[in-house]
Amino acid sequence: MKSKVNLETKIKNLTFRNPVTVASGTFGTKGEYAPYVNLERLGAIITKTITLKGRAGNPMPRIIETTGGMLNAIGLQNKGLQDFVEHKIPFYRKLNTPLIVNIAAESIDEFGELTRTLTRHKPVVKAIELNLSCPNVEAGGVSFMRKRERILDVIRTVRDETDLPLIAKLSPELGDVLEIAADVLKEGADALSLINTLKGMAVNIATRQPHLSNVTGGLSGPAIKPVALRYVYEARKHFKVPIVASGGIMTAQDALEFIIAGADMIAVGTANFVNPRATTQILEGIEEYCRSNGIRHINELKGSLHNGKEGPVFGG
Amino acid sequence: MKSKVNLETKIKNLTFRNPVTVASGTFGTKGEYAPYVNLERLGAIITKTITLKGRAGNPMPRIIETTGGMLNAIGLQNKGLQDFVEHKIPFYRKLNTPLIVNIAAESIDEFGELTRTLTRHKPVVKAIELNLSCPNVEAGGVSFMRKRERILDVIRTVRDETDLPLIAKLSPELGDVLEIAADVLKEGADALSLINTLKGMAVNIATRQPHLSNVTGGLSGPAIKPVALRYVYEARKHFKVPIVASGGIMTAQDALEFIIAGADMIAVGTANFVNPRATTQILEGIEEYCRSNGIRHINELKGSLHNGKEGPVFGG
Amino acid sequence: MRRLYDETVRIAEHRKVNEKYYKIAFLSKPLARTIQPGQFLNIRINPDLDPFLRRPFSYYRVKGNRVEILYEILGRATAMLATKKKGDALQVMGPLGKPFTAKIKDKKRVLVAGGVGVPPLVFLAERYRMDYLLIGTKSKKEVLPKSELAHVKAKILYSTNDGSYGMKGFVTHLLEQIIQKEGKSNLFIQTCGPKVMMQAVIAMARQYGIEGEASLDEYMACTIGACLGCMVKTPEGWVPSCVEGPVFAFDRLAE
Amino acid sequence: MRRLYDETVRIAEHRKVNEKYYKIAFLSKPLARTIQPGQFLNIRINPDLDPFLRRPFSYYRVKGNRVEILYEILGRATAMLATKKKGDALQVMGPLGKPFTAKIKDKKRVLVAGGVGVPPLVFLAERYRMDYLLIGTKSKKEVLPKSELAHVKAKILYSTNDGSYGMKGFVTHLLEQIIQKEGKSNLFIQTCGPKVMMQAVIAMARQYGIEGEASLDEYMACTIGACLGCMVKTPEGWVPSCVEGPVFAFDRLAE
Ligand SMILES: Cc1cc2nc3c(=O)[nH]c(=O)nc-3n(C[C@H](O)[C@H](O)[C@H](O)COP(=O)(O)OP(=O)(O)OC[C@H]3O[C@@H](n4cnc5c(N)ncnc54)[C@H](O)[C@@H]3O)c2cc1C
Ligand SMILES: Cc1cc2nc3c(=O)[nH]c(=O)nc-3n(C[C@H](O)[C@H](O)[C@H](O)COP(=O)(O)OP(=O)(O)OC[C@H]3O[C@@H](n4cnc5c(N)ncnc54)[C@H](O)[C@@H]3O)c2cc1C
Ligand SMILES: Cc1cc2nc3c(=O)[nH]c(=O)nc-3n(C[C@H](O)[C@H](O)[C@H](O)COP(=O)(O)O)c2cc1C
Ligand SMILES: Cc1cc2nc3c(=O)[nH]c(=O)nc-3n(C[C@H](O)[C@H](O)[C@H](O)COP(=O)(O)O)c2cc1C
Ligand code: FES
Ligand code: FES
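Within any chain, residue numbers begin from 1 and follow the written order of that chain's sequence. Lettering for chains starts from A, numbering for ligands starts from 1, and both go in the order in which the items are written. Only residues with pLDDT of at least 70 get local features here, since the model is predicted, and only at 80 or more are side-chain atom pairs given and counted; chain-wide, interface and lining totals rely on the full set of residues. Working from all heavy atoms in the structure, the side-chain values ignore hydrogens and water.

(A) Here's a closer look at the interface of chain B and chain A. In this assembly, 54 residues from chain B lie in contact with 54 residues from chain A. Once two parts are joined, some of their accessible surface, as seen by a 1.4 Å probe, is lost; buried area is that loss totalled over both. Summing both sides of the interface, chain B and chain A together bury roughly 4,500 Å²; the carbon and sulfur share of this comes to 61%. A per-residue breakdown of the area chain B buries against chain A is headed by Met201, Ile205 and Arg208 of chain B, which together make up 17% of the total. Salt-bridge detection follows one rule: a side-chain nitrogen of Lys or Arg within 4 Å of a carboxyl oxygen of Asp or Glu. Scanning the region where chain B abuts chain A turns up 4 salt bridges. One salt bridge in this structure joins Lys199 of chain A and Glu234 of chain B, with 2.9 Å as the shortest N-O distance. Here a polar contact means two N or O atoms within 3.5 Å. Within protein one must be a hydrogen donor candidate and the other an acceptor candidate, and residues neighboring in sequence count only if both atoms are side-chain atoms. Taken together, the connections running from chain B to chain A amount to 18 residue pairs in polar contact (both at pLDDT 80 or more). Counting residues per element, the ones that place at least two in the side of chain B that touches chain A are β11 (198–201), β13 (209–210), β14 (216–220), α5 (225–238) and α6 (252–261) of chain B. If one sorts the elements of the side of chain B that touches chain A by residue count, α5 of chain B sits on top with 7 residues. Classification used: nonpolar for Ala, Val, Leu, Ile, Met, Phe, Trp, Tyr, Cys and Pro, charged for Asp, Glu, Lys and Arg, polar for all others including Gly. In the side of chain B that touches chain A, the residues fall into 26 nonpolar, 18 polar and 10 charged. We call two residues contacting when some pair of their heavy atoms lies within 4.5 Å. Each helix corresponds to a stretch of at least 4 residues labelled H or I by DSSP, and each strand to a stretch of at least 2 residues labelled E; elements are numbered beginning at the N terminus.

Quick look at the structure:
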């Protein structure tokens, strides 16, 4: 019989049965992946970003493949908070998997209202992830300084409105990730989510137009994995809070790299599009690795990166 | 007979026969690629970073493959300025290809001395590229603000020492690229080089160690192409100065994307390792594209990106 | 819950059909069950990460457990697909999307096909009695060989841009002739092909007030409605064409 | 200027030799000319971008225009290589690096091989008269079949970790026995294999004051001295092992 590995993971007072979740915006709105994945095996589900009012998003083309990844400029299309409460919450209420709702807003007030409303749905909504960094809706030319101020205002407002665990999702597009992370944690965020996409673009040389209608989009997939891993590692060195990792996690090997570097939760994103069973396969791979390495609790693995050389090497 | 395409490109008063050059640190120190490439077909050659005194660089492993790219932490290994002047300059003197020398230093004084000495070798040294952004030697924890101040000091010092064209090589690791670009141009830089590698890492899950002895390294290759392209495009929108582009240029298609987005020079980097004939094949591909699109001077193509939709589309 | 699969299949047959098209056949019970023309598959071409995304292809033919797709080389991924050999593995999601409407009362049915739109319409015309199948190509050498069209239950008319086969000009000229001949109130159009072609067909249909359906080929990633990358504007707002389509009634498409 | 090539070759033969090794053969005049054992090739395994970098492999055998390499699956790239079939293309740079010293006066020559170090040493022992070829493996099933060793001009001795073939233990135990038997002043060692094995061999050689050479397998990218990724510490400082090596005299390697 297979020995049991304890994969339990915590954010604040919230316990997840395992660290495998999905990255915002990559798993549909209610059960699109159910034909491929038993949703109740996931540690948690993170929703696509919800805004107060619905958003139409950007015109097509919104996506384009790049080497080892893709660009997207969905533009936060969603039906808004009310639709979410009416039509999505009932779906998740029946699902035995913790729900983390990702939100974004154009103003502090909207952030406040979103948080207030979601907090009222606490039995279903288990935590809030703040999308502070979507590269596709940000007004251009905003300086790092201004972004930082805005982010701090958001955290303060949202923290006042809820006692739900707050996860701040950051990207290098906002400025110095470690600096901002220190700020948001000081203002009351409970966890970090690293990283959102990097801003990029692609050009169609036949038409000499950008491939995306929005010109630029967010780069995701294994192309950005080394960058994501480095931020998780650096954040782990500096902060003790839980870290939700996303950025090119395609396989259990990738997930294990993030866990060893210091991640608490593994958010599978773009990988779902390439392999609709990625989430549960990653979960199984993590379990298998733990078993064959004599690891009985995932905590033994978390942040276990060490840099001791194993004896001399000719170039070492 | 094939019609002739004019590929001439300028940086300040310097004319290159074509826009294809090599990215610093990826083409050896003198003629390593000569068995594969006629070096005199290149528009220019950019050297590996030279420092005042020689540097041993980092221990092995220094490189590791990632999806669509690689990480390197060479650590600016080089034999120093004196060796360069004695042993490399004579080689390049005989070569009919303009030489651009890339430099870095730990202090303002060293930057000054490097520039003074190289300027004395003007008949061979045609321009100086300032490596302001190597992620592998930067002391950790330096804030964006401090980096910016240091960069401005460097530009001022170097500008005082030389009338050679000065190319400032930047990366997002330094802070807001557009902000810094504006600064360095104001202080007298003549051109921009975009982008240096992004800082990343990789973990060996068998040993739970980082793959690189230096823990983190610079991510290069097509994985970062969308990010590089976006910076070239944004810089072109804001500034009129020449732009040397690097970041995942593997093929003529890639090069053309950068030229259409606004690049003046195409620096082929990591691609050389994968395809030792990448440079001249890219050159031929650019010529071929120009010919079949009726382009007689490369300037017609540069920055020709347009965003006009071609008629209605169902999602558009 | 929808019945969706992601199967590893082995290529049973792969050949160049003509200057333009390649055909791949494989066997798969789940992917061949209750398929309707217009539905499609999403194929991971290499087991490695290049190409990174899967690529969508219409069902071209289904017989028993045998599935065929017909494709043309348009870029990197399709060029890589063309190098696959018999016995090589493909990872295939399906069956995806909503099919063409099979049964329309009384009306005469006209199919208008071009490029990557030919496969699903040939499938449709093999499955159900159609009246006309209009195929537009650049020149004769892209016209499908007779053997591939032997079971089509429709009158096939061709147009070529260079006049090397059938009528010279665009396929919409053929459509115009049919409309003149059969009368506009008597027709139902189903179309799939290059965007410009479909736009012209839809414009003509609107002009004459003819009903019909178009199968769109937006760029896709997930093909199950999760990424919101392939949206189409309808009177009810943006909908994912991979799930709500790829077949849309003309009157659901924005003008 | 060095004579270096980058050739597209077609796989002429590809087979699993035993539990551990696969063998690939191809024909190429430029890549087969004046090759010395210890030199290597840098192979782009897929025409696409995954794997991204090439991978270095030693020459295993050269006969006329026919080149053979012998490899084991250690990770992603070698696993992909194993899926290649006869007729598939590979892009191959070579010939690279400095070979083993071919002729040493008087002394008896002992080759110590393990893992990916077996191919170049078998090549060396086929080309020149050697005295001993010591091969260390985990167990019997990784031992090369007799047919692959038929032309080796040396006495072959085996060690296996589990004792299932030859001596039980590490290959350095065999080496120790040879040293005892032949006398340390009479020997010259050439070694290639896992780092730990070579370190043990070199340590023993130093202890007894025996000269020799080791072929290192640093992680490589460019393989022509351009990237500075594969450096080895020598008395003259860091040197690229792809150009100055992969074969280094023991006394040039840092302790
Ligand atoms: C529902 C659906 C069904 C399809 N059925 C078929 C089919 O049966 N046979 C077939 O050959 N192709 C079909 N296609 C198109 C096919 O998916 C594209 O040709 C393929 O994705 C191109 O990939 P590539 O990497 O080779 O080209 P890319 O490099 O991605 O693109 C090269 C060029 O191909 C064109 N292209 C790219 N994506 C599409 C697309 N989604 N639709 C149309 N043109 C595109 C563009 O002009 C682009 O410039 C279908 C597409 C969809 C959405
Ligand atoms: C000069 C030279 C000659 C070589 N000759 C041969 C040969 O004849 N036959 C053969 O099978 N292999 C040979 N190798 C090793 C071969 O290059 C590696 O096994 C291969 O690169 C592994 O690629 P991968 O993607 O499959 O494994 P990776 O995913 O890159 O690595 C998987 C594991 O393989 C090991 N590995 C990776 N790179 C190397 C390396 N350079 N050397 C040793 N181990 C490595 C590591 O333990 C790593 O954890 C040689 C290497 C060099 C430098
Ligand atoms: C199509 C798409 C849509 C996304 N939408 C959102 C979103 O609405 N909110 C958000 O915070 N992140 C969004 N992301 C970012 C992902 O959640 C994730 O952080 C990022 O893609 C990196 O992970 P990956 O490489 O595994 O995809 C989106 C990513 C993709 C590819
Ligand atoms: C092995 C290696 C060494 C490099 N060394 C330098 C260097 O010394 N100085 C520098 O400015 N950039 C250096 N770079 C960065 C490249 O010049 C280039 O800007 C970057 O790799 C992006 O281009 P690419 O993706 O085409 O390689 C190095 C890159 C690589 C891969
Ligand atoms: S392809 Fe993802 S929603 Fe249609
Ligand atoms: S592999 Fe590049 S220097 Fe040796």
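(B) Broad picture of the pattern of salt bridges. Evaluation of the coordinates by the stated rule reveals 78 salt bridges over all chains. Across the pair Asp264 of chain A and Arg236 of chain A runs a salt bridge, and its minimum N-O distance is 2.8 Å. Taken together, the positions of Asp264 of chain A in the loop between α6 (252–261) and β16 (265–268) and Arg236 of chain A in helix α5 (residues 225–238) put the pair 28 residues apart, joining distant regions of the chain. Relative accessibility thresholds used throughout: buried, under 20% of the residue-type maximum; exposed, over 50%; partly exposed, between the two (1.4 Å probe, protein chains only). Under the relative-accessibility criterion, Asp264 of chain A is labelled buried at 11%. Glu288 of chain B is the partner of Arg291 of chain B in a salt bridge, and the nearest nitrogen-oxygen pair spans 3.3 Å. With Arg291 of chain B and Glu288 of chain B both in helix α8 (residues 278–292), this residue pair falls 3 residues apart, about one helical turn. On the basis of relative accessible area, Glu288 of chain B is assigned to the partly exposed category, the value being 39%. A cluster of three or more residues bridged by salt bridges with shared partners is formed by Glu13, Arg15, Lys23, Arg61, Arg66, Glu68, Glu126 and Glu148 of chain C.

(C) Summary view of the sheet that holds strand β7 (residues 99–103) of chain A. Residues and elements named next belong to chain A. One bridge is not enough; two strands pair if DSSP finds at least two bridges between them. Taken together, the 8 strands give an open sheet; going across it, the order is β3-β16-β15-β10-β9-β8-β7-β4, and neighbouring strands pair in parallel fashion. Of all strands in the sheet, those bounded by a partner on one side alone are β3 (20–22) and β4 (45–46). With 4 bridges joining them, strand β8 (residues 125–131) and strand β9 (residues 166–170) adopt parallel strand pairing. By the bridge assignment, Ile128 is partnered in β9 with Leu166.

(D) Broad picture of the side chain of Ser193 of chain B. All names here are of chain B. Summarising the element assignment, Ser193 is placed in strand β10 (residues 191–194). Taking the relative accessible area as the measure of exposure, Ser193 reaches 2% and is therefore buried. Here Glu129 takes part through its side chain, which lies 2.7 Å from a polar atom of the side chain of Ser193. Among residues more than four places away in sequence, those in contact with Ser193 are Glu129, Ile167, Ala168, Lys169, Leu170 and Val244.

(E) Looking closely at the packing of aromatic side chains. Any two of the Phe, Tyr and Trp rings considered here, Trp counted by its six-membered ring, make a pair once their centres fall within 6.5 Å; the pair's planes then place it as stacked at under 30 degrees, edge-to-face at over 60, or tilted in between. Under the defined criterion, the tally for this structure stands at 10 aromatic pairs over all chains. When the ring of Tyr22 of chain C is compared with that of Tyr71 of chain C, the centres are 5.3 Å apart and the planes differ by 20°; the resulting orientation is stacked. Of this pair, Tyr22 of chain C sits in strand β2 (residues 21–27) while Tyr71 of chain C sits in strand β6 (residues 66–72), and the two are 49 residues apart along the sequence. Residue Tyr22 of chain C is classed as buried on the basis of its relative accessible area, which comes to 16%. Aromatic pair Phe57 of chain C and Tyr71 of chain C: ring centres 6.1 Å apart, planes at 70°, arrangement edge-to-face. Taken together, the positions of Phe57 of chain C in strand β4 (residues 55–58) and Tyr71 of chain C in strand β6 put the pair 14 residues apart, joining distant regions of the chain. Residue classification places Phe57 of chain C among the buried positions, given a relative accessible area of 10%. Given a relative accessible area of 1%, Tyr71 of chain C falls into the buried group. In this structure an aromatic cluster arises from ring pairing among Tyr22, Phe57 and Tyr71 of chain C. Either the NZ atom of lysine or the CZ atom of arginine qualifies as a charge over a ring when it sits within 6 Å of the ring centre and within 35 degrees of the ring normal. Across the ring face of Trp238 of chain D, the terminal group of Arg62 of chain B is positioned such that the distance to the ring centre comes to 5.3 Å.

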